[in-house]
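Tertiary structure, described
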Amino acid sequence: MPAPGENLRINPDRLWNSIHELAEIGPGIAGGSNRQTLTDDDAKGRALFQKWCEAAGMSMGVDQMGTMFMTRPGTDPDALPVYVGSHLDTQPTGGRYDGVLGVLAALEVVRSLNDLNIQTRHPIVVTNWTNEEGARYAPAMMASGVFAGQFSLDYAYGRKDSDGKAFGDELKRIGWVGDEQVGARKMHAYLEYHIEQGPILEAEGKQIGVVTHGQGLWWLEFTLTGKEAHTGSTPMNMRVNAGLAMARIMEMVQAVAMDAQPGAVGGVGQVKFSPNSRNVLPGTVVFTVDIRSPDQAKLDGMRARIEAEAAKIAAALGVGCAVEAVGHFDPVAFDPTLVARVRKAAETLGYSHMDIISGAGHDACWMNRIAPSVMIMCPCVDGLSHNEAENISKEWAGAGADVLLHAVLETAEIVG
Ligand code: HGY
Ligand code: MN
Ligand code: MN
């Protein structure tokens with residue numbers, strides 16, 4: 001089987017232009033993106049992506065979670081496809097590149113194969129997973145999780161956003177309920193290209209991250225029950241203060257994560273006070289603790305300690321405390337053969353590279369449970385992501401897409 005030569009490259013200008021054309025749909029307020037899952041902007045972005053893929057000769061399949069599968073046929077109809085994808089949904093104050101780079105780089109791989117008239121034995125399927133971010137609907141990596149058998153379709157359809165709108169209803173409203181059974185598709189392999197979302201590659205001066213592992217994650221949703229009371233006339237010794245309990249728990253989460261160094265993180269990104277009135281002590285406080293580590297024992301140890309200490313903190317203040325895991329996956333080790341293929345592609349292309357562990361969660365983390373999977377990363381400026389100022393260079397974007405092209409060709413097998 002012929003191997004891709006070092007001159008085989010994608011078209012970085014076309015990739016860059018597509019990224020920024022898509023960014024015009026669901027723009028943020030500070031130059032980034034706000035294209036949250038199942039919104040009208042998500043629907044518009046999907047339609048543009050579909051148009052581009054069909055113009056590149058691909059045919060579309062959609063499953064019951066709305067995930068888009070765009071197929072470029074291979075020469076062997078019996079060969080399982082090579083899936084290459086990521087996500088087009090964004091955080092409410094997201095960047096232009098998180099997820100989008102991987103989906104559009106996969107499209108660019110197909111566009112480049114078309115330009116070069118290269119055929120592969122295995123079909124190639126460019127994939128846009130629904131609701132990777134988990135911002136509007138928890139958990140994150142939801143559609144890929146249903147596909148990998150981690151969540152039922154009913155569970156996913158029943159998840160509600162902060163306005164009480166159910167996932168299934170919103171998916172139907174935007175017209176993206178597909179007819180394919182989720183998870184029925186079988187994969188030869190899965191590859192995902194993504195910005196690092198951390199500072200390591202830029203600090204080390206490396207163009208390519210060869211992702212060997214992904215850290216595991218728990219999202220622990222705490223519901224603290226205090227007593228609504230006047231913030232002015234209620235004496236301090238008569239308060240049942242759920243807000244104070246939350247503050248002490250957040251401080252404890254920080255301490256637990258610091259005790260677990262190196263290689264652990266913990267924090268809180270979302271808090272909801274009720275009734276959320278300036279002069280009413282909260283009756284209910286709901287917040288999600290996000291803890292992560294590549295080390296399974298550390299990850300589970302942090303969870304156990306946080307839950308035990310949170311119960312004590314709440315009890316000492318007379319505050320009710322309930323906790324529900326609303327997101328979880330264990331640390332991931334990607335497929336060694338594919339990892340070696342990514343590393344070899346970077347070497348063939350002359351790009352500086354290093355092995356790296358993914359700090360963020362990705363759809364590849366679920367795909368890795370059902371098919372050989374791997375990720376490729378590019379640096380991002382100051383390691384910043386989930387921020388509208390998220391930024392990468394066109395050169396970084398193109399280098400990773402070149403590596404993706406070569407890794408996909410080695411996996412899908414060039415014919416002729
Ligand atoms: O939470 C994550 O790591 C991903 O950005 N959804
Ligand atoms: Mn992402
Ligand atoms: Mn993200």
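See the structure above.
Note that this is a predicted model, so its numbers are computed, not measured.

**Focus on the coordination of the manganese ion (ligand 2)**
Here the manganese ion (ligand 2) is held by His87 (NE2), Asp98 (OD) and His194 (NE2), and the distances to it run 2.1 to 2.3 Å. Sequence spacing of the donor residues for the manganese ion (ligand 2), all on one chain, is H-x10-D-x95-H. The metal-metal distance between the manganese ion (ligand 2) and the manganese ion (ligand 3) is 3.4 Å, with Asp98 serving as a donor to both. With His87 in the loop between strand S3 (82-86) and helix H3 (100-116) and His194 in strand S6 (residues 189-195), this residue pair connects regions lying 107 residues apart in the sequence. Note on accessibility: His87 and His194 belong to one class, buried.

**A look at the coordination of the manganese ion (ligand 3)**
Geometrically, a metal with four donors at the corners of a regular tetrahedron has ideal angles of 109.5 degrees, and one with six donors at the corners of a regular octahedron has ideal angles of 90 or 180 degrees. Looking at the manganese ion (ligand 3), the protein donor atoms are Asp98 (OD), Glu133 (OE), Glu133 (OE) and His386 (NE2), and they sit 2.1 to 2.5 Å from it. In the primary structure, the donors to the manganese ion (ligand 3) are separated according to the pattern D-x34-E-x252-H. Overall, His386 belongs to the partly exposed group, its relative accessible area being 40%.

**Concerning the side chain of Glu390**
Within the secondary structure layout, Glu390 lies in the loop between strand S16 (373-378) and helix H12 (394-412). No salt bridge is formed by the buried Glu390; its nearest oppositely charged neighbour, Arg96, is found at 8.5 Å. Those residues in contact with Glu390, other than ones at most four positions away along the chain, are Gly95, Arg96, Tyr97, Asp98, Ile195, Leu384 and Ser385.

**Points about the pattern of salt bridges**
Under the criterion given, the structure shown has 18 salt bridges. The partner of Arg14 in a salt bridge is Glu108, and the shortest N-O contact between them spans 2.7 Å. Of this pair, Arg14 sits in helix H1 (residues 12-22) while Glu108 sits in helix H3, placing them 94 residues apart in sequence. Arg14 sits in the partly exposed class, given a relative accessible area of 22%. Where Glu413 meets Arg121, a salt bridge forms, and the shortest distance between an N and an O atom there is 2.8 Å. Of this pair, Glu413 sits in the loop between H12 and strand S17 (414-415) while Arg121 is found in the loop between strand S4 (119-120) and strand S5 (124-128), placing the two residues 292 residues apart along the sequence. Accessibility expressed as a relative area gives 28% for Arg121, which makes it partly exposed.

**Digging into H3**
The first and last C-alpha atoms of H3 sit 24 Å apart over 17 residues, in line with the 24 Å expected at 1.5 Å per residue. Burial analysis of H3 places 14 of its 17 residues in the buried class, the great majority of the element. Following H3 by one or two positions, Asn117 adopts a phi angle in the positive range, close to 50 degrees.

**What to know about the nonpolar core**
One finds Leu15, Phe49, Leu101, Leu104, Ile392, Val403 and Leu404 to be the most contacted residues of the largest nonpolar core, which totals 104 residues. Considering each element in turn, this core owes the most residues, 11 residues, to H12. Beyond its immediate sequence surroundings of up to four residues, Leu404 is in contact with Val84, Ala105, Ala106, Val109, Leu191, Tyr193 and Ile376. Formed by 25 residues, the second largest nonpolar core is a distinct cluster that contains Phe222, Ile249, Ala264 and Phe287.

**Remarks on the site of ligand 1**
Looking at ligand 1, the residues that line it are Glu132, Glu133, Ala140, Met141, Trp219, Arg292, Ala360, Gly361 and His386. For ligand 1, an oxygen atom lies 2.6 Å from a polar atom in the side chain of Arg292. One of the backbone N or O atoms of Gly361 is found 2.7 Å from an oxygen atom in ligand 1. When ligand 1 sits alone it has 210 Å² of accessible area, and the protein chains cover 95% of it. A class-by-class count of the residues in the shell around ligand 1 yields four nonpolar, two polar and three charged.

**Thoughts on the sheet that holds strand S13 (residues 320-329)**
Pairing in this open sheet of four strands is antiparallel, and the strands run S10-S12-S8-S13 from one edge to the other. Unpaired on one side and paired on the other, strand S10 (265-274) and S13 mark the two borders of the sheet. Here the strands of the sheet are splayed against their neighbours by 15 degrees on average, with no regard to which way each runs. Summarising the sheet, strand S8 (residues 216-225) and strand S12 (residues 284-293) pair through 10 bridges and their orientation is antiparallel. Residue Phe222 lies in a different strand from S12, and its bridge partner there is Phe287. In the packing of helix H8 (residues 242-259) onto the sheet, the strands contacted are S8, S10 and S12, and the crossing angle to S10 comes to about 170 degrees.

What counts, and where the lines are drawn
- Residues numbered from 1 in each chain as written.
- Chains lettered and ligands numbered in written order.
- Predicted model: local features only at pLDDT ≥ 70, side-chain atom pairs only at ≥ 80, totals over all residues.
- Heavy atoms only, no water.
- Donors = N, O, S within 2.8 Å, 3.2 Å for Na, K, Ca; no water.
- Helix = DSSP H or I, 4+ residues; strand = E, 2+ residues; numbered from the N terminus.
- Buried < 20%, exposed > 50% of the residue type's maximum accessible area, 1.4 Å probe, protein only.
- Lys, Arg positive; Asp, Glu negative; His and termini not counted.
- Salt bridge = Lys/Arg side-chain N within 4 Å of Asp/Glu carboxyl O.
- Contact = heavy atoms within 4.5 Å.
- Expected span 1.5 Å × (residues − 1).
- Core = buried A, V, L, I, M, F, W, Y, C linked by side-chain atoms within 4.5 Å.
- Near = heavy atom within 4 Å.
- Polar contact = N/O pair within 3.5 Å; in protein donor to acceptor, adjacent residues only side chain to side chain.
- Areas by Shrake-Rupley, 256 points an atom, 1.4 Å probe, with all protein chains shown as cover.
- Nonpolar A, V, L, I, M, F, W, Y, C, P; charged D, E, K, R; others polar.
- Pairing = 2+ DSSP bridges.
- Axes fitted to C-alpha atoms, helices over the stretch in contact; angles between N-to-C directions.

From the geometry alone we can't say anything about function, so treat these as descriptive.
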